[in-house]
Each structure stands twice: as C-alpha cells, then as structure tokens.
Amino acid sequence: MTRLSTYFLPTEKQAPADAEALSHKLMVRAGLIRQLGAGLWSFLPAGWRVHERIVQIIREEMNAVGGQELLMPVMLPAELWQRSGRYGIPELFKLNDRKGAELVLAMTHEEAVTQHVAQVVRSYRQLPFSLYHFQIKERDEPRPRAGLLRTREFIMKDAYTFDRDRESLDAHYERYREAYDRVMERCGIEWYRVESDVGAMGGLGAHEYMAPSPAGENDVALAPGYAANVEVATADAQPVELPEGIDAPELVGTPGLVTVADVSGRMGLPAGALLKAYPVMVADRGLVLVLVRGDHRVNEIKLQNALGAEFRPARPDEFGERIGPAGYIGPVGIDVPILLDDAVEPGAYITGANRENAHLRGVEPGRDFPFKRGDVRSVEAGDTVNGSPIRIEPAIEVGNIFKLGTRYSDPLGASYLDESGTSRPIWMGSYGLGPARLAAAAVEQYADESGISWPASMAPFDVHLVGLGREGSEEREVAERLYGELSETGLDTVYDDRDAGPGEKFADAELLGVPLRLTVGRRTLASGEIEVQVRRGRETRSLPLEGAADAAVELWRSLP
C-alpha cells in the first residue's frame, strides 16, 4: 500500500543551487534522490523503485541470453589489480587494512571474475558460459557533478563471457549486443550504439550505448549508417583550398603572429592551409612532432592509439633546442620523428620556420620533411562518411560492451585444455550497464516545464491517484474504493490521500511524472466520471466511474 500521507517523498519547490543538469534538478525536487557528499547519492524510496524496475528489465534480458547471476565483493585484494596492470589507474580507490594488506575498491570486476574462473575452469567442455552481477562500484572521480551522471559511487550491472577462441567470443558478443538493444528498447529511451575506444579496459574492440542529451559528456559523430564516439570517429575531412606550390619553402616574416588565426588572417589563407604543430613526449621514444591541419584539433585518444604508447605535451624547454621556439615550430630541417595526420593532403602549406617571428610558405610533406601517417584528429561537423555529412551531438553513456580477448586471462592465468590437451587462454567479453544513468537519461529526454515524464517501463508507479476533498467526503470515499480496485488489477498505484490542496497535489504529481494520473473530485463525480491525465503531453480526458480501474489498465497498456 503506497499512500503519500505516510510515504517518504520529500518534494522541493527549488532545485539545488549547484544543479546544472535537468535530471539533477528534477530528481532532487521530486524526492527521488538526496546527496550525502560530493558524488555520493542516496536513492529515496520512489527513486529506488525506478532503479529496481530498470534492474529487472536488465536481469530478464541477461537471463534470456544465458547469463548466470552472482555477487562479488566491492573490496578486492590489490594483488589482482597489480597482476592485471591496472593498479596505477588514478581513479582507483586504494586502502590498507589494519594488518597492512593492500586492498582496492572495485571500479569494475574483470580481475575478480577472472580469478574465480581461473580457479575452476580446466577443460574446453566447461566453455562457453557467462556471469553477471549488480554491484556497487567506487571511482575516485576528480570532478563529480550533474547528480547521477558523474558520481563516485554507483551501481552497475557488469557481465562477463568466457569462450574458447575469437570466433566464439564474437558470437557471444553478438548475443549480448542484441540483449542490450532489447534493454534500451524496453526502457523506452532514445539511444544509439556507437563504436568506441577500449580505454582502460583494454581488448580488441568496443561499443557504447548512448542516450542523446544536452547534459551528456560524450560527443557522438552521426551520419546515415554510421555512429561513433568522437574519441574514435573517422571521416573524410572537408576539402581546403591550398595555395599554389613553389620550388622550395620560402621564409615569411610573421612578427608576433603565433596562432593559426593570426597567420592565416595575415596571409589571406584558410586555416586549413596551415600545418599546426603539437610536440609530445612519448613514453618509450621521447620527443615526437605531431602535425594536423590548422583547422583541425588533435584527438588525444586517437593519438595515443596511433603512437601505441602513453604521451604528454612537451614543455618549451624540451622542444625549444631540438625544434624551435614556441609559436613558430614546424617540421622542416628538424631531427625529430614526425607523425602527420591522415587528413593532410599533398600540397603546399604554411608551417612554422623554427625561428622567432617567421613562418615558411610552400612546405610540402614528403618533399620537405619525412613523416609517418596516422589518424590523430577529431572529426568536425560537416566532414563526411560515404559522402554524407556528419553531425556531432552530446550524449550520455549508459552502457558499454568490450571484446576483452585474453587481456585479463593471460596475466591472471585463466586457461583451459583443448581437445588435444594443449593449454589455451580463455577469451573474454565484458558488458556494463548503469541503471542510474538510464534513469537520468530518461529524465533528460522526456521532462517538461512541470517535471519528469517517465517511460511506463521505468516509472516508480503505474498510476498516480489523486483524491480531492476532506476526510469523510464522497470524493474521498470514491477515491479509497478506486485505490483498492486499482491495486487488484496489478497496477502499482501511489495514492495521494494527504490533507493538502489540489494545487499542491497536482504540482507534486506532475513533478513525480507517473505516466497516468487519475483524479477523483466533486465536479467530475457529479457527472459520473473521473479525470484522467496522460503525463506525457499532459493530455486530459475522462473515464466513466463505473469500471474505471479496468479502463485505466487498458489506457496504461497503450502508453509509451
């Protein structure tokens, strides 16, 4: 029985002063969540109902593809993370117990699940299978913000598949991809699946599930038949008109002109006719000069993948002597490896001259400097994929799937004996989904000026019944009777039986966002009807009082 007179639903008229994301504002105002500290949130009863409805959708789809649910601890031996090579991740919480043993608070559970499998699996006959759990994760997030969108503690569903080889992993991955697609559809949000970087997880390939939203912290490149996180997106660059070539580079005085905009403006050329230099220090080889078109930006994720090693921007004292002064560096006449972006076409460009107040014009890659190629730029809106222009929009990452391969089974000793008795590493996949992020994405996508508008599949309740009138009035008696009838139909119903005015009750109902609101008031009762509002679009209609509960069921089933 859920009566608002005794239910813990502390609604607020004003959003928190520091709230920027719409989901942050509305989920606090609707009494769904409350903050305890930076990046630390409690789910209040109605918010937890939303979370658990999403969890149930995910659980059903995981079970449908053969996932076996278990539960692993949050606190893990640090030794496992040291063996996997992930102990140095700065966001990983590290601690010691009273005996000095090193421990970590898990961000994910690849190490833990691989350790269990390594201790049990011996033969190819035990493969394939998959395991999953819903568990708290801890992340030492440096800038927690936006309510549930960037937190230090969160619950995630992570699943893991275990197979004999790459072909079997690919098949398992495809089944989980289809399961994730069904989860997204059942949750009722707008979404797309995009190519992504493997990041700290490692492995052979990955996809992310994105929910478009202005509050999203990921940028996604989209074109017909193409979707990728900007971190890894590739596209054909928009063409740029280059100046006519000359026989050899020519020195041009550019006193005080150190930016692309300054130089291109003075020379009357588009920014893309310049080569922008980005010197970096690479972990295993020292100084490298990266070059992109002047109208492009270096993508650090793609650059690290192209270099195959970690890097950092070089300091002026590190590149000044070997190349030239900051603001005027270029590729001609230097003894430093050069990585040239794939979007730089053959032709004549403007570059730094490696001396104060000077640039070179007519510089041609290959003729005037040696280089290696790599895709190291961020795509831009208007670039094309198969002839179609891309657009870039922000999105919330709500899930991800990875082909881990043997990334964890090798260092943690998870292997099996094949038919010939040969030991081989187990091939793994990893699949994560965040119920809280799915909830926040739904709020971001469907809220209006009055509050939240939940998809029916994840709403905290199916029906919000509002009873007007004082205790003992006819409308209150009808509302009580209808509450019982609605409960018997199986619809989860929250009943506002508080001694509050109609304005307060309606405002709280629209803020909470339950898909269907039924109102029992004196005016409609006089005509033998009750008022119904469909929250999405706030469409109001009436239902006959006789059989109202069954009619509400039919209406609810038609809702998105």
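As shown above, the structure is provided for reference.
What you see is a predicted model; the values in this text were computed from it and never measured.

Asks: I tried to follow the overall build of the protein chain on my own but got confused; where do I start?
Replies: When helices and strands are counted, the protein chain shows 14 helices and 31 strands. When the backbone C-alpha atoms are referred to their principal axes, the protein chain occupies close to 95 × 65 × 50 Å. Within the protein chain, the proportion of its 560 residues that are buried is 52%. In the protein chain, of all internal contacts separated by at least 6 residues, the share reaching a separation of at least 24 is 69%. Accessible surface computed for the protein chain: about 24600 Å², of which carbon and sulfur atoms make up 49%. Charged side chains of the protein chain number 62 positive and 85 negative; the gap between the two group centres comes to 2 Å.

Asks: How should I be thinking about the packing of aromatic side chains in this particular structure?
Replies: What describes a pair of aromatic rings is the distance from one ring centre to the other and the angle between the planes of the rings. All told, the structure shown has 10 aromatic pairs when counted by the stated rule. An angle of 85 degrees between the planes, with centres 6.1 Å apart, marks the rings of Y132 and F134 as edge-to-face. Of the aromatic side chains, those joined through ring pairs into one cluster are Y173, Y176 and Y431. If you follow K94 out to its NZ or CZ, it ends over the ring of Y87, 5.3 Å from the centre. Sitting over the face of the ring of Y173, K403 holds its NZ or CZ atom 4.9 Å from the ring centroid.

Asks: Help me understand the side chain of D508, please; the structure alone is not making it clear to me.
Replies: Tracing the backbone shows D508 in helix α12 (residues 502-512). When near neighbours in sequence (up to four residues on either side) are disregarded, D508 contacts T11 and R498.

Asks: I keep staring at a negative patch on the surface and nothing clicks. Help me out?
Replies: Where like charges cluster on the molecular surface, the negative patch consists of E485, E488, E546 and D550. Residue position: E488 is located in helix α11 (residues 474-489).

Asks: Sorry if this is basic, but what is going on with unusual backbone geometry here?
Replies: Glycine aside, negative phi is the norm for most residues, and most peptide bonds take the trans geometry. In this structure, P128 follows L127 across a cis peptide bond, with omega equal to 0 degrees. Within the element layout of this structure, P128 appears in the loop between α4 (110-120) and β7 (129-138). With a phi angle near 60 degrees, N357 is a residue other than glycine that sits in the positive phi range. With respect to the secondary-structure elements, N357 resides in the loop between β18 (349-352) and β19 (358-363).

Asks: Would you explain the nonpolar core in this entry?
Replies: Formed by 59 residues in total, the largest nonpolar core has its most connected members in M27, L32, M184, L438 and W454. When residues of this core are assigned to their parent elements, the largest contribution, eight residues, is made by helix α5 (residues 166-187). Not counting chain neighbours up to four residues away, the residues in contact with M27 comprise L32, I33, L148, A439, A440, V443, I452 and W454. Formed by 31 residues, the second largest nonpolar core is a distinct cluster that contains A112, Y124, Y160 and M428.

Asks: Just checking my understanding: could you explain the pattern of salt bridges for this structure?
Replies: Close approach of charged atoms allows side chains with opposite charge to pair. Inspection of the entire model under this criterion finds 53 salt bridges. The partner of R522 in a salt bridge is E475, with the nearest N and O atoms 3.9 Å apart. Residue R522 is found in helix α13 (residues 522-525), and its partner E475 is found in helix α11; the two are separated by 47 residues along the sequence. Look at E475 and you get buried, because its relative accessible area is 7%.

Asks: Hey, could you run me through the pairing of strand β14 (residues 275-282) in this one?
Replies: Note on strand geometry: in a regular strand, side chains alternate between the two faces of the sheet. Across eight bridges, the pairing between β14 and strand β15 (residues 286-293) is antiparallel. Bridging across to β15, V280 finds its partner in V288. Following β14, the chain reverses through three residues before pairing antiparallel with β15.

Asks: Please explain α12 as it appears in this structure.
Replies: A turn of α-helix holds 3.6 residues, and therefore any two residues three or four places apart point the same way. Listed as buried for α12 are K505, D508, A509, E510, L511 and L512. In the stretch just after α12, G513 is the one whose phi turns positive, near 80 degrees.

Asks: It is not clear to me how helix α2 (residues 45-64) should be interpreted in this structure. Could you clarify?
Replies: Along its 20 residues, α2 runs 29 Å from first to last C-alpha, staying within 8% of the 28 Å computed at 1.5 Å per residue. Inspection of α2 places A46, G47, V50, H51, I54, V55, I57, I58, E61 and M62 among the buried residues, and these make up the whole buried set.

Asks: In this structure, what is going on with the pairing of strand β6 (residues 102-105)? I would like to understand it.
Replies: Bridging between strand β4 (residues 75-77) and β6 involves three bridges; their strand directions are antiparallel. Across the sheet, residue P77 finds its bridge partner in β6, namely L103. Linkage of strand β5 (residues 93-96) to β6, two consecutive antiparallel strands, is achieved through a turn of five residues, within which G100 is found at a positive phi near 90 degrees.

Asks: Could you clarify how one ought to interpret the environment of L516 in this entry?
Replies: Counting through the fold element by element, L516 comes out in strand β29 (residues 516-520). Residue classification places L516 among the buried positions, given a relative accessible area of 0%.

Asks: Would you mind showing me how to read the environment of A283 here?
Replies: Counting through the fold element by element, A283 comes out in the loop between β14 and β15. According to the relative accessible area criterion, A283 is exposed, its value standing at 65%. A283 sits 28 residues away from F311 along the chain, and the two C-alpha atoms are 5.7 Å apart.

Asks: Can you walk me through the packing of α11 against helix α14 (residues 548-557) in this structure?
Replies: Two measures define how a pair of helices packs: the angle their axes make with one another and the distance between the axes. At their nearest, the axes of α11 and α14 sit 9 Å apart, and the two run at 45 degrees to each other. One finds that α11 runs oblique with respect to α14. In the crossing of α11 with α14, the sense of the turn from one axis to the other is right-handed. Together, L482, E485, L486 and T489 of α11 and A548, A549, D550, A552 and V553 of α14 make up the contact between the two elements.

Rules behind the numbers
- Residues numbered from 1 in each chain as written.
- Predicted model: local features only at pLDDT ≥ 70, side-chain atom pairs only at ≥ 80, totals over all residues.
- Heavy atoms only, no water.
- Helix = DSSP H or I, 4+ residues; strand = E, 2+ residues; numbered from the N terminus.
- Buried < 20%, exposed > 50% of the residue type's maximum accessible area, 1.4 Å probe, protein only.
- Contact = heavy atoms within 4.5 Å.
- Areas by Shrake-Rupley, 256 points an atom, 1.4 Å probe, with all protein chains shown as cover.
- Lys, Arg positive; Asp, Glu negative; His and termini not counted.
- Charge placed at Lys NZ, Arg CZ, Asp CG, Glu CD.
- Phe/Tyr/Trp six-rings, centres within 6.5 Å; stacked < 30°, edge-to-face > 60°.
- Lys NZ or Arg CZ within 6 Å of the ring centre and 35° of its normal.
- Patch = residues over 30% accessible without salt bridge, like charges linked within 9 Å, V, L, I, M, F, W, Y side chains within 5 Å.
- Salt bridge = Lys/Arg side-chain N within 4 Å of Asp/Glu carboxyl O.
- Core = buried A, V, L, I, M, F, W, Y, C linked by side-chain atoms within 4.5 Å.
- Pairing = 2+ DSSP bridges.
- Expected span 1.5 Å × (residues − 1).
- Axes fitted to C-alpha atoms, helices over the stretch in contact; angles between N-to-C directions.
- Parallel < 35°, antiparallel > 145°, perpendicular 65-115°, else oblique.
- Left-handed = near helix turned anticlockwise from the far one by under 90°.

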